[in-house]
Amino acid sequence: MRHRLLQTGPLAPDLEAQLARQYDIHPLWKESDPKAFLADHGSDFVGLVTSARHGADAALLQAMPALKVISSFGVGLDAFDLEAARVKGIPIGYTPDVLNDCVADTAFALLMDVARNVSAADRFVRRGDWRTQQFPLATKVSGKRLGILGMGRIGRVIARRASGFDMELRYHNRRQASDVPYGYAPTLHELAAWADFLVIASAGGDETRGLVSREILDALGPKGYLINISRGSVTDQDALVDALVHKRIAGAGLDVFTHEPEVPEALLALDNVVLLPHVASNTHETRSDMAQRVLDNLTAFFAGRPMISQAL
Ligand code: DGY
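An account of the accompanying structure is given in this report. (Residues numbered from 1 in each chain as written. Predicted model: local features only at pLDDT ≥ 70, side-chain atom pairs only at ≥ 80, totals over all residues. Heavy atoms only, no water.)

Within the protein chain, the secondary structure is distributed over 12 helices and 12 strands. On C-alpha atoms alone, the protein chain measures out to a radius of gyration of 21 Å, which is about the 20 Å that the 2.2 N^0.38 rule sets for 312 residues. Counting only C-alpha atoms, the protein chain reaches 65 × 50 × 30 Å along its principal axes. Counting the 312 residues in the protein chain, one finds 48% classified as buried. (Helix = DSSP H or I, 4+ residues; strand = E, 2+ residues; numbered from the N terminus. Rg over C-alpha atoms; globule rule 2.2 N^0.38 Å. Buried < 20%, exposed > 50% of the residue type's maximum accessible area, 1.4 Å probe, protein only.)

Our next topic: the pairing of strand β2 (residues 24–27). For strand β1 (residues 4–7) and β2, the ladder comprises four bridges, and the chain directions are parallel. Residue pairing in the sheet places L5 in a bridge with I25 of β2. Viewed along the sheet, the connection from β1 through helix α1 (residues 13–22) into β2 turns out right-handed. (Pairing = 2+ DSSP bridges. Right-handed = clockwise from strand over helix to strand, strands pointing away.)

A pair can form between side chains of opposite charge whenever their charged atoms are brought close. One pass over the full model with this rule turns up 17 salt bridges. Across the pair D105 and R161 runs a salt bridge whose closest N-O atoms are separated by 2.8 Å. Here R161 lies in helix α7 (residues 153–163) and D105 lies in helix α5 (residues 100–116), a separation of 56 residues in the sequence. Its relative accessible area of 25% is what places R161 among the partly exposed residues. The partner of R174 in a salt bridge is E207, and the shortest N-O contact between them spans 2.8 Å. Of this pair, R174 sits in the loop between β7 (168–172) and β8 (183–184) while E207 is found in the loop between β9 (197–200) and α9 (214–220), placing the two residues 33 residues apart along the sequence. Exposure class is identical for R174 and E207. Each is exposed. (Salt bridge = Lys/Arg side-chain N within 4 Å of Asp/Glu carboxyl O.)

What follows deals with the environment of Y184. By the secondary structure assignment, Y184 is in strand β8. Along the sequence, Y184 and G89 sit 95 residues apart, while their C-alpha atoms lie 36 Å from each other. Look past the residues within four positions of Y184 in its chain and what remains in contact with it is Y171, H172, N173, R174, R175 and Q176. Within the structure, Y184 has its side chain in polar contact with the backbone oxygen of N173 (distance 2.7 Å). (Contact = heavy atoms within 4.5 Å. Polar contact = N/O pair within 3.5 Å; in protein donor to acceptor, adjacent residues only side chain to side chain.)

Moving on, we come to the packing of α1 against helix α12 (residues 284–302). For the pair α1 and α12, interaxial distance at closest approach is 10 Å and the crossing angle is 20°. Considering their axes alone, α1 and α12 lie roughly parallel with respect to each other. You can see that α1 and α12 cross each other, and the crossing is right-handed. For the pair α1 and α12, the contacting residues are L15, Q18, L19 and Q22 in the first and A291, V294, L295, L298 and T299 in the second. For the contact of α1 with α12, the per-class residue count stands at six nonpolar, three polar and no charged. (Axes fitted to C-alpha atoms, helices over the stretch in contact; angles between N-to-C directions. Parallel < 35°, antiparallel > 145°, perpendicular 65-115°, else oblique. Left-handed = near helix turned anticlockwise from the far one by under 90°. Nonpolar A, V, L, I, M, F, W, Y, C, P; charged D, E, K, R; others polar.)

Another aspect to go through is the site of the ligand. Surveying the vicinity of the ligand reveals the residues A52, G74, V75, G76, L99, R231 and H278. In this structure, an oxygen atom belonging to the ligand sits 2.8 Å away from a main-chain N or O atom of G76. At a separation of 2.7 Å, an oxygen atom of the ligand approaches a polar side-chain atom of H278. Bound to the protein, the ligand loses 83% of the 230 Å² it would expose on its own. A per-class count over the shell around the ligand returns three nonpolar, three polar and one charged. (Near = heavy atom within 4 Å. Areas by Shrake-Rupley, 256 points an atom, 1.4 Å probe, with all protein chains shown as cover.)

This part is about the sheet that holds strand β3 (residues 47–51). In spatial order, the strands read β2-β1-β3-β4-β5; together these five strands make up an open sheet with parallel pairing. Taken across any chain shown, the strands that pair with only one partner, and hence form the sheet edges, are β2 and β5 (92–93). Examined bridge by bridge, β3 and strand β4 (residues 69–73) share five bridges and lie parallel to one another. Note on β4: the bridge partner recorded for S51 is F73. On top of the sheet, α12 reaches β1, β3, β4 and β5; it is set at about 170° to β4, its chief contact.

Below you can see the structure in the form of structure tokens.
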């Protein structure tokens, strides 16, 4: 008998095909009335396949009384009601580690782009402005100060990348990490005031909501750049837009926003901002590794073993 799973939203076609081969899986998002469907059939499913984007809220968990396991595509857990899952004893498989390299690469792609004006220079050439104008000077990256908010799995890889640019490095974290050689800033304010580039690599969710506030942005100052490959919620987005528009910080490289896919209108006209559509882990190689981890977590669970990557 194949285990019955419910899937919250679309996933890569290869992963969906593999899931359909191994399980009896139902696409909730294709239902015209998902709430009514859950009320009638929620108790049929023992597994939930979801993603960092769709997560699982308390109402969904409540509507699935036979649920035993969740397998999520992605590292972020901010869209899950972790407390509701914990109370019901439902383990959550997810896909950390395999995406560290690509997310760290994207942080550096954004950092290099916004400091050296790569995207702006590309637009300049395409507009034909090179024929008549001199492109403005940019900001040097090598040897500068890099501040990292969040010295977790991804923060550590970003820190390693920085050594290739001879950057000086400090970080701020809830707790000082005993196993990294970098300077620890006891407050985010101190880190921002010190850094030329402040990279947000912390998790999203309630604990980090709004941490990068107007005060932190003002501490970063008119020569400082903000890079965010974590979650839009970690910044006060209105304060960030205001700081960018009024040049109270030098620029920003952003892969994430508060209400994706909405991007504040005011940012679209700015050349000192690089905007990406939440694609930090979005390479063929990493997405394939993440898909495999979704499958491996389920295989391990249904074989009675601990999942490879389990959050709860
Ligand atoms: C993740 O894995 O959490 C990415 O940000 C995609 O949502």
